[in-house]
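# Structure at a glance
Letter by letter, the chains look like this.
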Amino acid sequence: MKFSVVVFPGSNSAYDAAYAASRVIGEQAELIWHKDTDLKGADVVILPGGFAHGDYLRTGAIARFSPIMSAVKAFADRGGPVLGICNGFQVLLEAGLLPGAMVRNDRIKFVSQMVSIRVEQTDTPFTAACEPRQLLRMPIAHGEGNYYAPPDVLAELEENRQVIFRYANAGGEVGADWNPNGSLNSIAGICNRQRNVVGLMPHPERASELSLGSADGRVVLASAVQALASLSR
Amino acid sequence: MKARVYVTLKPSVFDPQGRVVADALVTLGYDDVKDVRQGKFFEVELGDSDPATAKARVTEMADKLLANPVIESYRVEVLQ
């Protein structure tokens, strides 16, 4: 199975994601430059974290027009699994592959810390190997992770079970005290209507081995392997 | 020809930056400040074209790139 990891100018987690997919999960991983127009036989596409195009204008606003994004969109439209991590999530929002937008963290702070997130839905390619309501410990590192959607869009997300991860405490409770950035409904990750495109602010690839403080993120990429294997069966 | 684009967060979207600026102004003694909303301002220089065409072009630019219609609204002004 092949993970294609897109590299934008300013991406800083592409190598971490490729490392997690190859050395930790044991699958193939290839870095794809954003000016490429071909995903090189990807089974899974990852848009990594970082600061694509310096976050100029708005996070993800310029990256969305990178040549590779037409291929990513076509891949997503065919049902291919796409994971946007942190800045990658912001790119997916700007590209309209996921609904909503990011605004500045409510306390105007860049937050860099470990958080717990609760798995809300297990029927996506990136949560298929999770237990329902499983808690995952992963780091976040962002200035714009405050998820916003207009009330009607937010209601639709909840109704269609498109909220995939929520910030929680160590006991799995969700509330303002454990929401690090002001995201509506404590949203840490969502999926599209077809459920094959997932974006999340926390970094699973930076929590893929115990030496990094947590190996909980491994299950996100392992889920993709499991989901694709069950499809081809 | 020049055009100006003003981008602001929609009223329903909380503006953390504007809030901090408002708090700072109050701290400076401007205690009549109730709220501040921070936005973006663009000056776009265009080649020769008539004002109507210029306005249409810049509106398209604002819609496509300069503003994110999910959270922001914009206003376009064409200068002679």
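Residues numbered from 1 in each chain as written. Chains lettered and ligands numbered in written order. Predicted model: local features only at pLDDT ≥ 70, side-chain atom pairs only at ≥ 80, totals over all residues.

Turning our attention to the overall build of chain B. Secondary structure summary: chain B contains 2 helices and 3 strands in total. In sequence order, chain B lays out its α and β elements as β-α-β-α-β. Over its C-alpha trace chain B gives a radius of gyration of 16 Å, far above what one expects of a compact globule, namely 12 Å for 80 residues. For chain B, the C-alpha atoms occupy an extent of roughly 45 × 25 × 15 Å along the three principal directions. For chain B, the proportion of its 80 residues judged to be buried stands at 18%. Once local pairs closer than 6 in sequence are excluded, the contacts in chain B between residues at least 24 apart make up 65%. (Helix = DSSP H or I, 4+ residues; strand = E, 2+ residues; numbered from the N terminus. Rg over C-alpha atoms; globule rule 2.2 N^0.38 Å. Buried ≥ 20, exposed ≤ 12 C-beta atoms within 10 Å, placed from the backbone. Contact = placed C-beta atoms within 7 Å.)

Before going further, it helps to spend a moment on the overall build of chain A. A tally of helices and strands in chain A yields 5 helices and 11 strands. Relative to the 2.2 N^0.38 estimate, which gives 17 Å for 233 residues, the radius of gyration of chain A is 16 Å and therefore close to what a compact globule would have. For chain A, the C-alpha atoms occupy an extent of roughly 45 × 40 × 35 Å along the three principal directions. Residues classed as buried in chain A amount to 56% of the 233 residues present. Sequence separation of 24 or more characterises 76% of the internal contacts of chain A that already satisfy a separation of 6 or more.

Residues and elements named next belong to chain B. Pairing is antiparallel across the open sheet formed by 3 strands, whose spatial order is β2-β1-β3. Of all strands in the sheet, those with a lone pairing partner are β2 (39-45) and β3 (72-79), marking the two edges. Put simply, the sheet's adjacent strands are angled 15° from each other on average, direction ignored. (Pairing = 2+ DSSP bridges. Axes fitted to C-alpha atoms, helices over the stretch in contact; angles between N-to-C directions.)

Attention now goes to unusual backbone geometry. Excluding glycine, residues mostly have negative phi values, and the peptide bonds linking residues are mostly trans. All names here are of chain A. Unusually for a residue other than glycine, His 53 sits at a positive phi of about 50°. Considering the arrangement of structural elements, one finds His 53 in the loop between β3 (44-47) and α2 (68-77). One non-glycine residue with positive phi stands out, namely Arg 161, at about 55°. A count of 13 C-beta atoms within 10 Å places Arg 161 in the partly exposed class.

Reports of interface size often rely on the accessible area that becomes lost once the parts have come together. In this complex, chain B contributes 9 residues to the contact, which on the side of chain A involves 11 residues. Looking at which element gives the most residues to the side of chain B that touches chain A, the answer is helix α1 (residues 16-27) of chain B, with 3 residues. Here the residues of the side of chain B that touches chain A are counted per class, giving 7 nonpolar, 2 polar and no charged. (Nonpolar A, V, L, I, M, F, W, Y, C, P; charged D, E, K, R; others polar.)

In any sheet, the strands associate via hydrogen bonds between backbone groups, in a parallel or an antiparallel arrangement. Residue and element names in this part refer to chain A. Strand order in the open sheet formed by 9 strands is β2-β1-β3-β4-β11-β10-β9-β6-β7, with mixed pairing between adjacent strands. Of all the strands in the sheet, just β2 (28-33) and β7 (135-142) have a single pairing partner and so form its edges. Going across the sheet, the axis of each strand differs from the next one's by a mean of 25°, ignoring polarity. The strands touched by α2 within the sheet are β1 (2-7), β2, β3, β4 (82-85) and β11 (197-200), with β4 carrying the most contacts at an inclination of about 125°.

Take the confidence of the model for chain B next. Looking at chain B, pLDDT values average 94 and 100% of them are 70 or higher. Reported confidences for the modelled complex are a pTM of 0.95 and an ipTM of 0.88. (pLDDT = per-residue confidence, 0-100.)

All names here are of chain A. Across the 8 residues that make up helix α3 (residues 87-94), a large majority, 8, are buried. Inspection of α3 places Asn 87, Gly 88, Phe 89, Gln 90, Val 91, Leu 92, Leu 93 and Glu 94 among the buried residues, and these make up the whole buried set. Buried positions along α3 lie against β3, β4, β5 (101-103) and β11. Gly 96 occupies a position one or two residues after α3 and carries a positive phi of about 80°.

Side chains of nonpolar character tend, in soluble globular proteins, to be buried together. Membership of the largest hydrophobic core comes to 77 residues, with the highest contact counts inside it found for Val 5, Val 6, Val 45, Ile 46, Val 72 and Leu 92 of chain A. Dropping the residues within four chain positions of it, Val 5 of chain A is found in contact with Ala 14, Ala 17, Ala 18, Ala 29, Leu 31, Ile 32, Ile 46 and Pro 48 of chain A. In terms of nonpolar packing, the next biggest core, distinct from the first, is built from 9 residues, Leu 66, Ala 67, Tyr 74 and Val 78 of chain B among them. (Core = buried A, V, L, I, M, F, W, Y, C linked by C-beta atoms within 7 Å.)

Moving on, we get to the pairing of β4 of chain A. Residues and elements named next belong to chain A. Residues of β4 alternate between two faces, with Val 82 and Gly 84 on one and Leu 83 and Ile 85 on the opposite face, all of them buried. Pairing geometry for β3 and β4, over 3 bridges, is parallel. Note that in β4 the partner of Ile 46 across the bridge is Leu 83. Between the parallel pair β3 and β4, the chain is carried across by α2, and the sense of this crossover is right-handed. Sheet topology places β4 next to β11; 4 bridges connect them, and they run parallel. Residue pairing in the sheet places Gly 84 in a bridge with Gly 199 of β11. (Right-handed = clockwise from strand over helix to strand, strands pointing away.)

All names here are of chain A. Tracing the chain through its elements places Pro 180 in the loop between β9 (163-168) and β10 (187-191). Given 22 C-beta atoms within a 10 Å radius, Pro 180 is considered buried. Along the sequence, Pro 180 and Gly 79 sit 101 residues apart, while their C-alpha atoms lie 32 Å from each other.

An α-helical turn contains 3.6 residues, so a residue and the one three or four places further along point in the same direction. All buried positions along helix α1 (residues 14-24) of chain A are accounted for by Ala 14, Asp 16, Ala 17, Ala 18, Ala 20 and Ala 21 of chain A. In the stretch just after α1 of chain A, Gly 26 of chain A is the one whose phi turns positive, near 85°.

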